[in-house]
Amino acid sequence: MRKIYNKITQISGNVIVLSATGIKYGELAVIKSERGDSFAEVIRIDGKLVYLQVFAGSGGISTGDEVRFLGKQMEVSFSDNLLGRVFDGTGRPRDGGPILTKNLIEIGGPTVNPAKRLIPSNMIHTGIPMIDLFNSLVESQKISIFTTSGEPYNELLARVALQAKVDIIILGGMGLRYDDYLFLKNTLESEGSLSRSILCIHTAADPVVECIMVPDISLTIAENFALHGKKVLVLLTDMKNFCDALKEIAITMEQVPSNRGYPGDLYSQLAARYEKAVDFEDAGSVTILSITTMPGNDVTHPVPDNTGYITEGQYYLNNGRIEPFGSLSRLKQFVNKKTRDDHRPLMDAMVQLYAYYQEVLEKKAMGFRMTRSDNRFLKYGILFERNLMDLSVEMSLEEALDTGWRILSECFVPEETGIRTELIKKFWPKEKPQVNA
Amino acid sequence: MKNTGKIVGINKNMITVEFEGNVKQNEVAYAVLDESRLKTEVIRIRGNRADLQVFEDTRGLKMDDVVEFTGELLSVELGPGLLGQLYDGLQNPLHKLAGELGFFLQRGKHINALPEDTKWEFTPCVKPGDKLQAADAVGTVKEGGFTHKIMVPFHLPDRYEVVEIAESGEYCVKDQVALIKDKRGSFIPLSMMFEWPIRKPVTSYRERLDPAEPLITRIRIIDTLFPVAKGGTYCIPGPFGAGKTVLQQITSRNAKVDIVIVAACGERAGEVVETIKEFPGIIDPFTGRPLMERTIIVCNTSSMPVAAREASVYTAITMAEYYRQMGLDVLILADSTSRWAQAMRERSSRLEEIPGEEAFPAYLESTIAGFYERSGLVRLRDGSTGAITIGGTVSPAGGNFEEPVTQATLKVVGAFHGLSRDRSDARHYPAIDPLDSWSKYTGIIDNRSRNHTVRLLSKAHEISQMMKVVGEEGITLDDYILYLKGEFFDNVYLQQNAFDPVDMATSEERQKKVFSIIKEIIDATLDLNNKDDARNFFNRSRQIFLDYNSSEWDTNDFLENERLIRELFHKYRKAGTEIETHIFRQALVESEMDSHFSRAKTAKTKKGEKLTMVKEENEEDIQ
Ligand SMILES: Nc1ncnc2c1ncn2[C@@H]1O[C@H](COP(=O)(O)OP(=O)(O)OP(=O)(O)O)[C@@H](O)[C@H]1O
Ligand SMILES: [Mg+2]
């Protein structure tokens with residue numbers, strides 16, 4: 001109800017410019033146009049000129065439209081009433097439910113003091129051996145699934161969400177296809193998990209600026225639930241779309257791009273969101289699992305590249321499987337020392353052997369004669385892929401470890417595995433007579 | 001009267017301010033926002049307008065808001081009490097902030113870096129009438145295990161005479177401990193602390209020396225093959241997840257230096273937490289004191305303000321220079337210098353400067369060089385030496401070293417530890433690529449053996465590449481053994497398990513010993529009749545060696561494993577490998593490798609003839 005202006009002097013891309021005074025940096029405004037109301041945010045002040053980024057895009061805005069400044073930043077209502085609801089990128093209901101207005105909190109609040117963070121210590125069991133055994137997911141971790149369009153990544157996301165023992169699931173969808181949105185929503189619903197979920201959805205058909213708001217709004221809600229003692233899992237799909245929205249806006253603002261059109265601050269922008277993953281002392285936690293699609297399966301593309309430098313690891317989802325190669329949970333060492341003695345050495349050995357298997361495969365593809373040892377690796381690779389890598393496999397960590405030893409003992413003699421003698425003695429399956437090399 | 005200006009433009013963390021009085025480049029100013037004052041630094045002046053980078057979130061600022069200039073350059077506090085602290089990029093103590101504010105940081109909140117109430121036991125070392133200049137000590141205090149010199153502030157330009165000096169006793173940092181006077185007779189009181197502008201190198205030493213002594217990191221591949229020198233510089237570029245941070249973390253733990261300053265620059269907060277939580281509980285084997293007592297952490301992680309990230313590496317190096325002035329060995333570990341460079345890039349883009357390659361500013365190279373140049377071994381004016389060693393990680397876009405930050409860094413450092421994606425994917429940690437990396441420094445192993453082993457690795461690699469084309473059956477047994485030797489050396493020596501309590505750190509003594517055993521094996525002619533034999537021999541040796549590596553120095557386990565290794569080795573060592581032929585053999589291997597490198601025949605020399613002869617004999621042997 002404060003200052004109202006109706007003389008827009010410049011409209012380009014999603015940004016409009018007008019003359020105004022006393023306007024705060026980052027302040028929100030509402031623009032009334034024939035298309036309806038849209039929020040906009042102050043992104044630059046230059047003398048009397050105020051630059052506003054219009055969430056709904058500038059299409060249909062006329063120079064004479066009314067611009068009303070709200071004197072405050074973007075906010076979202078926070079309460080248990082959020083549970084089970086679906087919102088858009090700016091926090092408006094998209095499920096026909098009531099608008100929530102109570103207990104407003106600012107979006108994108110301050111950073112957690114590093115001195116107050118905790119060392120992560122709880123494993124999140126997913127029942128997927130490629131995660132639990134090889135790259136454990138850890139509470140308060142931020143980790144991304146690197147994949148390409150066409151892979152069943154949203155299915156994987158949903159599966160982890162349903163398996164994971166967390167209090168609240170927040171799904172942030174960016175540039176989602178409508179059927180993907182329905183799939184995710186229906187899966188949560190059919191498994192009875194919708195009542196502990198909150199969905200912030202931007203679909204491919206929605207204005208691009210709203211896409212940028214999705215992680216902020218999702219993570220702000222998550223952070224507040226965590227402060228209230230809840231374990232929150234935030235799923236963000238697909239962060240590539242978020243980055244493309246940033247790129248589009250940077251280009252409209254005529255920023256010099258740094259790499260393939262993406263702005264120079266892409267790293268900082270992504271980090272500001274991912275770093276919201278946290279474990280609060282005597283309160284809850286925020287864990288982030290995101291999807292990053294890689295154009296042309298190219299991990300050096302700026303989006304996966306910057307993401308990899310920020311997240312605490314990544315899962316490569318390729319040909320419907322999580323690859324042991326390249327996939328990495330950087331926090332696994334905090335949890336896999338407490339599971340079972342053999343967890344860590346077995347995982348290391350199996351991956352190293354799998355690497356050799358890949359080399360043998362290459363050799364084979366070139367038409368070389370396979371030696372006896374080569375054949376052992378070929379067998380190993382097949383058993384590994386069938387019994388552990390296949391996404392349909394679901395088993396506990398214990399079972400996965402035992403399966404691992406079984407596979408090794410079926411293919412190799414202990415010395416070939418590079419595992420320490422002490423562990424071999426304890427875990428190497430006894431049934432088979434040991435062959436001496 | 002206060003020098004003030006008013007805001008006329010805001011663009012993210014950059015504000016433009018109109019002023020009337022005089023404004024200094026790099027001076028600190030505060031933008032007043034309601035109750036709080038946001039810290040800023042002047043980075044460009046044009047006419048009556050200055051561009052200021054704001055070290056905090058700018059939301060809520062508006063046109064005509066007041067900015068107060070301080071006339072002071074961006075500085076840090078120096079004095080006893082820095083060790084063991086966790087600071088943000090502008091030297092705010094984060095533990096103390098957490099105590100006051102709880103979970104979150106709050107903008108506009110500043111706390112002095114040095115604890116003001118701590119009492120320090122001061123012992124004077126001068127008397128009235130003594131002549132002093134900048135950086136000379138007036139006394140000492142005990143800080144942890146160190147003798148901390150209380151020095152004449154570095155910025156005092158002249159020679160001074162001591163007028164008064166405090167007696168031995170307990171003082172706080174702000175208490176006066178000395179009074180000195182300059183030539184004109186004006187008095188200057190000295191406390192135990194002073195400030196120094198972070199962007200200005202401290203040069204109160206007599207001369208810079210050539211860094212010749214190796215800095216022991218207790219990481220085998222570094223100390224043995226690609227050593228770092230005390231007072232030298234090195235960089236660790238590598239794609240994400242290759243192990244840069246882990247490498248720095250174990251270095252910060254195990255390196256044999258006096259003080260370690262960790263500059264966590266624009267990376268993950270979680271990684272700093274590990275250090276903060278674990279270091280107080282770890283006892284440094286060299287001093288018997290908690291590691292935290294020798295450590296300072298400057299932490300401006302990725303979601304903290306970008307402008308402060310740019311400043312944070314200077315905050316770190318300034319504190320390093322301060323301790324170096326006391327004759328101590330300081331190691332700075334900066335992770336990651338690419339984030340620092342990106343902070344510069346963001347700033348440059350907001351200033352609308354003409355961008356260079358990948359939008360980095362044109363002064364990128366000189367700025368990186370300027371930072372690494374603040375390292376060095378120096379002789380101080382009292383004859384003692386002090387050193388700053390800088391190790392910086394680089395995070396190249398796409399893991400491609402042909403990018404501006406890596407290239408600019410490679411030009412100025414003395415050692416390069418390049419991490420490779422192939423090695424880290426195969427879990428060969430530390431993933432330093434031995435074929436790519438280099439060091440100009442001398443380490444604990446003589447250069448000849450060093451080069452020799454690197455050549456072996458390179459030859460082994462070549463054979464492995466060849467095997468990919470012609471298959472295992474397509475190469476000779478000799479080549480196959482050479483290949484296995486390379487793999488063996490890589491497996492049991494270059495790779496080191498960061499999570500094994502013993503293997504994690506290998507002392508200099510142990511490295512020398514283990515290296516000599518391996519060298520014997522590598523140099524020997526082995527009695528292996530076919531490829532299966534060869535593979536089995538090396539598999540078994542590897543197995544024993546891994547056990548050996550994780551057994552504690554000089555325990556029974558250790559000695560037993562060593563005995564097993566020797567036993568196995570002697571069984572397969574070619575009988576009658578007398579010393580002479582052994583040496584020839586070795587020379588042969590080396591010359592083969594040399595020729596592989598230089599791609600030139602050496603057969604014409606006398607030595608070469610002899611070698612050819614030996615070679616023929618050996619060929620007969622094999623047949
Ligand atoms: N020496 C090592 N021993 C065992 N594991 C290691 C070692 N080095 C790295 N790793 C594994 O690799 C992971 C990533 O390492 P690290 O965090 O050091 O990578 P980085 O190069 O710093 O990546 P980024 O550039 O993204 O920060 C670790 O979490 C750990 O699982
Ligand atoms: Mg790192």
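Residues numbered from 1 in each chain as written. Chains lettered and ligands numbered in written order. Predicted model: local features only at pLDDT ≥ 70, side-chain atom pairs only at ≥ 80, totals over all residues. Heavy atoms only, no water.

Caption draft 1: Just the domain arrangement of chain A, in detail. All names here are of chain A. In terms of domains, chain A is made up of domain 1 (4-72), domain 2 (76-336) and domain 3 (343-427). Contacts between the two partners involve 22 residues from domain 2, matched on the other side by 18 residues from domain 3. Across the contact surface, domain 2 and domain 3 share 2 salt bridges. For Glu385, the salt bridge is made with Arg321, and the minimal N-O distance between the two is 3.8 Å. Inspection of the domain 2/domain 3 interface yields 7 residue pairs in polar contact (both at pLDDT 80 or more). Looking at the side of domain 2 that touches domain 3, the elements with two or more residues in it are α1 (129-132), α2 (153-163), β22 (321-322) and α8 (332-335). In terms of residue class, the side of domain 2 that touches domain 3 is built from 11 nonpolar, 7 polar and 4 charged. (Domains from an automatic or database assignment. Contact = heavy atoms within 4.5 Å. Salt bridge = Lys/Arg side-chain N within 4 Å of Asp/Glu carboxyl O. Polar contact = N/O pair within 3.5 Å; in protein donor to acceptor, adjacent residues only side chain to side chain. Helix = DSSP H or I, 4+ residues; strand = E, 2+ residues; numbered from the N terminus. Nonpolar A, V, L, I, M, F, W, Y, C, P; charged D, E, K, R; others polar.)

Caption draft 2: Layout of the environment of B:Val313. All names here are of chain B. Within the secondary structure, Val313 is located in helix α5 (residues 306-324). The buried category is assigned to Val313, whose relative accessible area is 2%. With 27 residues separating them in the primary sequence, Val313 and Trp340 have C-alpha atoms 7.7 Å apart. The contacts of Val313, once residues within four sequence positions are left out, are Cys265, Trp340 and Phe371. (Buried < 20%, exposed > 50% of the residue type's maximum accessible area, 1.4 Å probe, protein only.)

Caption draft 3: Just the domain arrangement of chain B, in detail. Residue and element names in this part refer to chain B. By domain assignment, chain B separates into domain 1 (4-73), domain 2 (115-192), domain 3 (207-439) and domain 4 (447-599). Between domain 1 and domain 3, the C-alpha centre-to-centre distance is 31 Å. On the domain 3 side, the residues contacting the 11 residues of domain 1 number 10 residues. With both chains or domains summed, domain 1 and domain 3 bury close to 910 Å², and 59% of this area falls on carbon and sulfur atoms. Summed over the shared surface of domain 1 and domain 3, the number is 2 residue pairs in polar contact (both at pLDDT 80 or more). Class assignment for the residues of the side of domain 1 that touches domain 3 results in 4 nonpolar, 3 polar and 4 charged. (Buried area = accessible area lost by both parts, 1.4 Å probe.)

Caption draft 4: Structural context of the side chain of A:Arg273. Among the secondary structure elements, A:Arg273 is positioned in helix α6 (residues 266-274). Not counting residues up to four positions away in its chain, the partners in contact with A:Arg273 are A:Ile212, A:Pro215, A:Asp216, A:Leu219, A:Phe242 and A:Ile288.

Caption draft 5: Looking closely at helix α7 (residues 364-372) of chain B. Every buried residue of α7(B) is listed here: B:Leu364, B:Thr367, B:Ile368, B:Phe371 and B:Tyr372. Buried residues of α7(B), seen end-on, are gathered within an arc of 130° and therefore sit on one face of the element. (Arc of directions from axis to C-beta.)

Caption draft 6: Expanded view of the side chain of A:Ser268. Its place among the elements puts A:Ser268 in helix α6. The class of A:Ser268 is buried, set by a relative accessible area of 10%. Here the side chain of A:Ser268 touches B:Glu346 through a polar contact of 2.9 Å, side chain to side chain. In this view, A:Ser268 contacts B:Val306, B:Arg309 and B:Glu346; residues no more than four positions away in its chain are not counted.

Caption draft 7: The sheet that holds strand β15 (residues 176-181) of chain B, seen in detail. All names here are of chain B. The strand order β10-β13-β15-β16 describes an open sheet built from 4 strands, whose pairing is antiparallel. Every other strand in the sheet has two partners, leaving β10 (131-133) and β16 (187-191) as the edge strands with one partner each. Looking at each pair of strands side by side, their axes are set apart by 45° on average, direction ignored. Here 3 bridges tie β10 to strand β13 (residues 159-165), and the two strands are oriented antiparallel to one another. For Leu132, the partnering residue across the bridge sits in β13 and is Tyr160. (Pairing = 2+ DSSP bridges. Axes fitted to C-alpha atoms, helices over the stretch in contact; angles between N-to-C directions.)

Caption draft 8: The pattern of salt bridges, seen in detail. One pass over the full model with this rule turns up 70 salt bridges over all chains. For A:Lys276, the salt bridge identified is with A:Glu223, shortest N-O distance 3.4 Å. Of the two residues, A:Lys276 is situated in the loop between α6 and β19 (278-279) and A:Glu223 in helix α4 (residues 208-227); the sequence distance between them amounts to 53 residues. Across the pair, exposure class does not vary: A:Lys276 and A:Glu223 are buried alike. Of the charged contacts, one joins B:Glu321 and B:Arg374 as a salt bridge, the two residues approaching to 2.9 Å between their closest N and O atoms. Residue B:Glu321 is located in helix α5, and its partner B:Arg374 is located in the loop between α7 and β25 (376-379); the two are separated by 53 residues in the primary sequence. As far as burial versus exposure is concerned, B:Glu321 and B:Arg374 are alike and both buried. Where salt bridges share partners, they join B:Lys513, B:Glu520, B:Glu562, B:Arg566 and B:Arg573 into one cluster.

Caption draft 9: Summary view of the pairing of strand β5 (residues 49-54) of chain B. All names here are of chain B. When you tally the buried positions in β5, you get 5 out of 6 residues, the bulk of the element. Bridge count between strand β2 (residues 14-19) and β5: 5 bridges; the pairing is antiparallel. Across the sheet, residue Met14 finds its bridge partner in β5, namely Gln53. The pairing of strand β4 (residues 36-46) with β5 spans 6 bridges and is antiparallel.

Caption draft 10: Representation of the site of ligand 1. Surrounding ligand 1, one finds 19 residues, the nearest of these being B:Gly241, B:Lys244, B:Thr245, B:Val246 and B:Arg268. The environment around ligand 1 is built from residues contributed by chains A and B. For ligand 1, an oxygen atom lies 2.6 Å from a polar atom in the side chain of B:Thr245. In this structure, B:Tyr429 approaches ligand 1 through a side-chain N or O atom, which is 3.4 Å from an oxygen atom. In the complex, the protein chains occlude 95% of the 630 Å² of accessible area that ligand 1 would expose alone. Those elements giving two or more residues to the shell around ligand 1 turn out to be α8 of chain A together with α3 (244-254) of chain B. A per-element tally of the shell around ligand 1 places α3(B) first, with 3 residues. (Near = heavy atom within 4 Å. Areas by Shrake-Rupley, 256 points an atom, 1.4 Å probe, with all protein chains shown as cover.)

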